[in-house]
Amino acid sequence: MSEGNNNAAPAPVQPRDQVLRVFSRYPSALLLLVVFSVEVGVGMFVIRDVRTASVEAQQMYARSVLGLRQIGELQYQAQETRRSTLYALTTNDSNLQVEYADQSREADRRVTEGIAEYLKQARMPNEIEVGRGLQRDWSAYLKVRDEVLASILEGSIKEAVDMDLNGGVPSFERVRQDLEDVKRLYDQQASDQLARVGASSRRSVVRLVGVVCFTLIFATFSVWAIQRSRMLGAVQFARLQMEFVTSISHELRTPLAVIRSAAENIADGVVGGKEQLARYGSVIRNQSRQITDLVNEILLFASTRNRNNRYTMRLLQVSEIIDVAMENTAELVREAGFMVERHVEPDLPCIIGDLSALSHCLQNLIGNAVKYSAQTRWICIRALLDEARIPGNREIQIAVQDRGIGVDKSELPHLFEPFYRSPAVASAQIHGTGLGLPLARSIAEAMNGRLTVESKLGVGSTFTLHLPAAKQKQPLAAAGARGRDAVAQK
Amino acid sequence: MPRAMGRWLILGVAASCLLGVSNSRARAGSTAPNDVKPSEENLAIVVNTSNPVDNLSMSELRKVFLGERRHWPNGRRITLVMMEPGQPERKTLIREVCQMNESDFSQHFLHGVFTGEVFVSPKTLASPVGVRKFIFNVPGAIGYVRVTDLDSSVKVLRVDGHLPDDKEYSLHIPPAPAQDQ
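(A) The nonpolar core, seen in detail. By size, the foremost hydrophobic cluster in this structure holds 45 residues, and its most contacted members are Val318, Ile322, Cys361 and Leu362 of chain A. When residues of this core are traced back to their parent elements, those giving at least two are α7 (318-328), β2 (339-344), α9 (355-371), β4 (378-386), β5 (395-402), α11 (436-446) and β7 (460-468) of chain A. Broken down by element, the residue count for this core peaks at eight residues, all from α9 of chain A. Apart from residues no more than four positions distant in its own chain, Leu362 of chain A is found in contact with Ile321, Ile322, Ala325, Ile398, Val400 and Leu465 of chain A. If you look at the next biggest cluster of nonpolar residues, it comprises 43 residues, including Ile78, Ile94, Leu125 and Leu171 of chain B.

(B) Quick look at α11 of chain A. In terms of residue burial, α11 of chain A counts as a mostly covered element, since nine of its eleven residues are buried. Among all positions of α11 of chain A, only Gly436, Leu437, Pro438, Leu439, Ala440, Arg441, Ser442, Ile443 and Ala444 of chain A are buried.

(C) Seen up close, the packing of helix α3 (residues 94-121) of chain A against helix α5 (residues 128-137) of chain B. Two elements in contact, α3 of chain A and α5 of chain B, have axes whose closest approach is 10 Å; the angle formed by their N-to-C orientations is 65 degrees. Of the two possible hands of crossing, α3 of chain A and α5 of chain B adopt the one that is left-handed. Contacts between α3 of chain A and α5 of chain B involve Ser94, Asn95, Val98, Ala101 and Asp102 of chain A from the former and Gly130, Lys133, Phe134 and Asn137 of chain B from the latter. Of the residues belonging to the contact of α3 of chain A with α5 of chain B, the class tally is three nonpolar, four polar and two charged.

(D) Examining the interface of chain A and chain B more closely. Across the boundary between the two partners, chain A contributes nine residues, which contact twelve residues of chain B. Residue assignment for the side of chain A that touches chain B shows that the elements contributing at least two residues are α3 and α4 (125-154) of chain A. The leading source of residues in the side of chain A that touches chain B is α3 of chain A, at five residues. Broken down by class, the residue content of the side of chain A that touches chain B amounts to five nonpolar, two polar and two charged.

(E) Quick look at the pairing of strand β1 (residues 41-47) of chain B. Residue and element names in this part refer to chain B. Burial of β1 is extensive: five of the seven residues sit out of reach of the surface. Looking at chain direction, β1 and strand β8 (residues 172-173) are connected through two bridges and run antiparallel. If you follow Glu41 over to β8, its bridge partner there is Ile173. Bridging between β1 and strand β5 (residues 141-146) involves five bridges; their strand directions are antiparallel. By the bridge assignment, Leu43 is partnered in β5 with Arg146.

Procedures and definitions
Residues numbered from 1 in each chain as written. Chains lettered and ligands numbered in written order. Predicted model: local features only at pLDDT ≥ 70, side-chain atom pairs only at ≥ 80, totals over all residues. Core = buried A, V, L, I, M, F, W, Y, C linked by C-beta atoms within 7 Å. Buried ≥ 20, exposed ≤ 12 C-beta atoms within 10 Å, placed from the backbone. Helix = DSSP H or I, 4+ residues; strand = E, 2+ residues; numbered from the N terminus. Contact = placed C-beta atoms within 7 Å. Axes fitted to C-alpha atoms, helices over the stretch in contact; angles between N-to-C directions. Left-handed = near helix turned anticlockwise from the far one by under 90°. Nonpolar A, V, L, I, M, F, W, Y, C, P; charged D, E, K, R; others polar. Pairing = 2+ DSSP bridges.

Take a look at the structure:
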């Protein structure tokens, strides 16, 4: 819904292009988000793999290296058990013999505990079998060892030696063989674990390469999409500019043609009489004013695009803004035969803004309401305080409502785009530049506010200017238009 | 007020003087040699926990410790465990069980081994812990330790049906003579 004439109907927008257009609004942030998300995903994936490999390596170390150390300790303590027993043979001193027996028993206690620990950790059936065999053979050896020790302590050395040779040596040999079996089992498990860690590492590398390739493809596609959306945006903008130039040319050509025609008539002496001359003068004045208004709007829009544009900000009463806007549009409204209702809540807080800019913003909204109201010549201007927002951030809402042709839902997102003109409006030969609403929104945003629209096709539209309420008190004692009043203009 | 404080001060001084006198008397009394008699300690006869014998009469015990008995009822060879000469436990056993003195005891074993009348030569250990460990390791060993040196690694034998905790138990280690300061 905007002003100006545009004969060229805009090209239909493809859904894919619509998506890309939305995507193109914040391309860098989106790309960053996408890359960040993918990087986080890849990072988590890699960390998971590395942790898995680390856990496997730790398990391998714990089970193999520590297990081998445990078996080494068992072998040493078993040898120590036997060695201490045999040391007792080398002396006749009962005190020393008792000491050696004590050492032997201490070593055998450690072996027994070590075997129990091994059986506790054993999970595989072959581990349990070997462990139980070791436990059985160790108990058998200890029985012989006890008899040998007793004989040594009794002083029966020959008997002790015979017992050791016949029973001790074979049973200890079996224990030694069992320990070798356990060791061999650990070696085998370590080899298996190593193979598993290697396979896991290879899997991790393959996954990593896959994920990196995916990331690369995804990033490439993202860049392509962004570039394409930018290109589409540029094409769209160029098209809108061309439409704008065409529209402006048309808007300028019509009043210029009228002026030129009137001037030629006067110059050719076709116009006779004072009354007719005055009528021609009035036509020329009206047309030139229309051209001036058009040029002013274009310049104003251009100035709002410039960020260095400075407004004269001051405390304003809401009724003051509405008064100025209504005053400036009074002639337009009167000529069009509209009724304007005005509802302003009493004791509204002030706002901070530029009076000229805000009244211009409202004028644009009132002008649009007049232009697109069709047969229903009714406009309502409401001003109220919205307390429902965040405490301390109160908001003034100034709404301009009409019962005109309304806007289709699909067109609402484009309504505030510069140079945009609805195909329905263009085909209905309603003139406009496509700058009125973008200009109004620019002004609203420059005043720290916003402009919203609610519209239904065939029912009407409501444009609402939201402005933050000032915390300062009213600058003036009383405003002219206080309270809920209704002014009807005809 | 000052008068009352003075009374309390005099009372306090008098009380502390009385306490000081009574303490010094008590200290003097504690040094008297015959006021408190040290308690006697019993000597326990111990064997390996696998030994089936629970009770020995004094005469059987004497035969065992004099090496006149060779085997236990389960067939295990008897091994005598003695502490080193001079130990109160050894003195008590030789006196009460063998009814000899140290010299007679040594002579008995020298003579017995030479003539073949004695089958077992005693093992000598330096400490009660050594005795306990020896008995723990040798199923046929028998020895003795103070009641206070007992633990669960050995089994205590009844003597004439009495354990060392019983009143009628006959093996007491006399207290060591007090040393002059």
